[in-house]
Amino acid sequence: MKRIIIDCDPGNGIAGANTDDGLAIALALASPALSLEMITTVAGNTPSAVGARVAKDLITRLGLSIPVVQGATQALREDPAPWRETLDNRVNQLALGQLWQNVRQPDDLPADADDAADAIGKLICDNPGEITLVAIGPLTNVALAMQRYPAMAESVAEIVIMGGVFALDDYIKDTNFGLDPEAAHQVLHSGAALTLVPMDVTTQTLLTQQDLTRLTAVDHPLTRFVRDTLRPWIDYSMQTRQLAGCWIHDALVVAWLLNQRVASGIDYRVDIELRPGATRGKSWRYRQPLRVSVGVPDNCGASVHLLHKVDNDLLLSIIEQAFSRLTA
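Overview of the structure.

Conventions adopted
- Residues numbered from 1 in each chain as written.
- Predicted model: local features only at pLDDT ≥ 70, side-chain atom pairs only at ≥ 80, totals over all residues.
- Heavy atoms only, no water.
- Buried < 20%, exposed > 50% of the residue type's maximum accessible area, 1.4 Å probe, protein only.
- Helix = DSSP H or I, 4+ residues; strand = E, 2+ residues; numbered from the N terminus.
- Pairing = 2+ DSSP bridges.
- Contact = heavy atoms within 4.5 Å.
- Axes fitted to C-alpha atoms, helices over the stretch in contact; angles between N-to-C directions.
- Salt bridge = Lys/Arg side-chain N within 4 Å of Asp/Glu carboxyl O.

**Comments concerning the pairing of strand E6 (residues 194-197)**
Residues Leu 194 and Leu 196 point to one face of E6 and Thr 195 and Val 197 to the other, with burial holding for every one of them. Bridge count for strand E5 (residues 158-162) against E6 is four bridges, and the pairing is parallel. Pairing of Ile 161 across the sheet is with Leu 196, part of E6. In this sheet, strand E9 (residues 302-310) lies alongside E6 in parallel orientation, the contact comprising two bridges. Bridging across to E9, Leu 196 finds its partner in Leu 306.

In structure tokens form, the structure reads like this:
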């Protein structure tokens, strides 16, 4: 059994907020091969307090005792105001809030604690080589944990990160890296064992309404949570992105921990732009050549295993199989 922490920014039940974090948490909870030992939240897709409320509500509804710890409310340096304006208000600007009118709001329950960085660093360093960190939001909590616990980079078994975008025509940067470039840079260069799951591969995923009905056919509080909160997000994605369903970015990260055949990967050198301007927060990659190119130092960028191609049918099958084991 693989022991994991999920550091995330869930928005399930919140109008206009992405629901892939909640699906990733649900997949982890439904998978006997994973032991979810803690959920921490960070400001990203939703404010940190909102994400903690979503996660705590789910854990409480399931009658579980997994700690939910609220974390960073803003990035290390990046101004959060422009991001929050877009992330929190776009649904109303598009007049699509009615898609969530019949969706149950998460109860306003307090998190178990409010210092995710300490909780992450302590759990990992107290259990060297035992904990895999699933980082599916901005990397603020992870960077702060590494600052406070210098042994964390060598103590963590692996950090699997959803972040970065390299070759998608419609994206200069992604939210997870763009919202806190300094944190992403620090974690990439930490020396920890890293696997990166960028938007280039997660936008190869697709979940349709028909898929959702099939995957959540078993009646259980967890599948009801997934079905009820993903339905409006799928409709929202179809209307705003002209997709046949929605992307399930973060679920791919957890699925890859369960079955690495779901996505293939290649080792790259990866880094992120920190200078001011439109490209601040943009990630870049290159393959290490056999002979160093002229003008490119051999230590340029951080060495990262980067996923690049997904089997979406297998991804949906992994989720369906996990949910099919649930009993009321």
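**So, the environment of Ala 192**
Inspection of the secondary structure puts Ala 192 in the loop between helix H8 (181-188) and E6. A relative accessible area of 9% places Ala 192 in the buried class. A sequence separation of 151 residues divides Ala 192 from Thr 41, and the C-alpha atoms of the two residues are 21 Å apart. Once residues lying within four places of it in the same chain are set aside, the contact partners of Ala 192 are Met 146, Ala 153, Val 156 and Ile 159.

**Some thoughts on H8**
Because an α-helix completes one turn every 3.6 residues, residues spaced three or four positions apart along the sequence face the same direction. A large share of H8 lies buried, amounting to six of its eight residues. Every buried residue of H8 is listed here: Pro 181, Glu 182, Ala 183, Ala 184, Val 187 and Leu 188.

**Topic: the sheet that holds strand E2 (residues 34-41)**
Taken in spatial order, the nine strands of this open sheet run E3-E2-E1-E4-E5-E6-E9-E7-E8, and their pairing is mixed. On the outer flanks of this sheet lie strand E3 (68-70) and strand E8 (283-286), each paired with one strand and no other. Adjacent strand axes in the sheet meet at a mean angle of 30 degrees, parallel and antiparallel pairs treated alike. Pairing of E2 with E3, which is carried by three bridges, proceeds in the parallel orientation. Looking across to E3, one finds that Thr 40 is bridged to Val 69. Running over the sheet, helix H2 (residues 48-61) touches E2 and E3 and is turned about 170 degrees from E3.

**Re the pattern of salt bridges**
Side chains bearing opposite charge may pair, as long as their charged atoms lie close to each other. Applying the stated criterion across every chain, the model contains 16 salt bridges. Here Arg 148 and Asp 118 are joined by a salt bridge, their closest N and O atoms 3.4 Å apart. Here Arg 148, found in helix H5 (residues 140-148), pairs with Asp 118, found in helix H4 (residues 116-126); they are 30 residues apart in sequence, far enough to count as distant. A salt bridge links Arg 224 to Asp 219, with the nearest nitrogen and oxygen atoms 2.7 Å apart. In this structure Arg 224 comes out as partly exposed when scored by relative accessible area, which is 32%.

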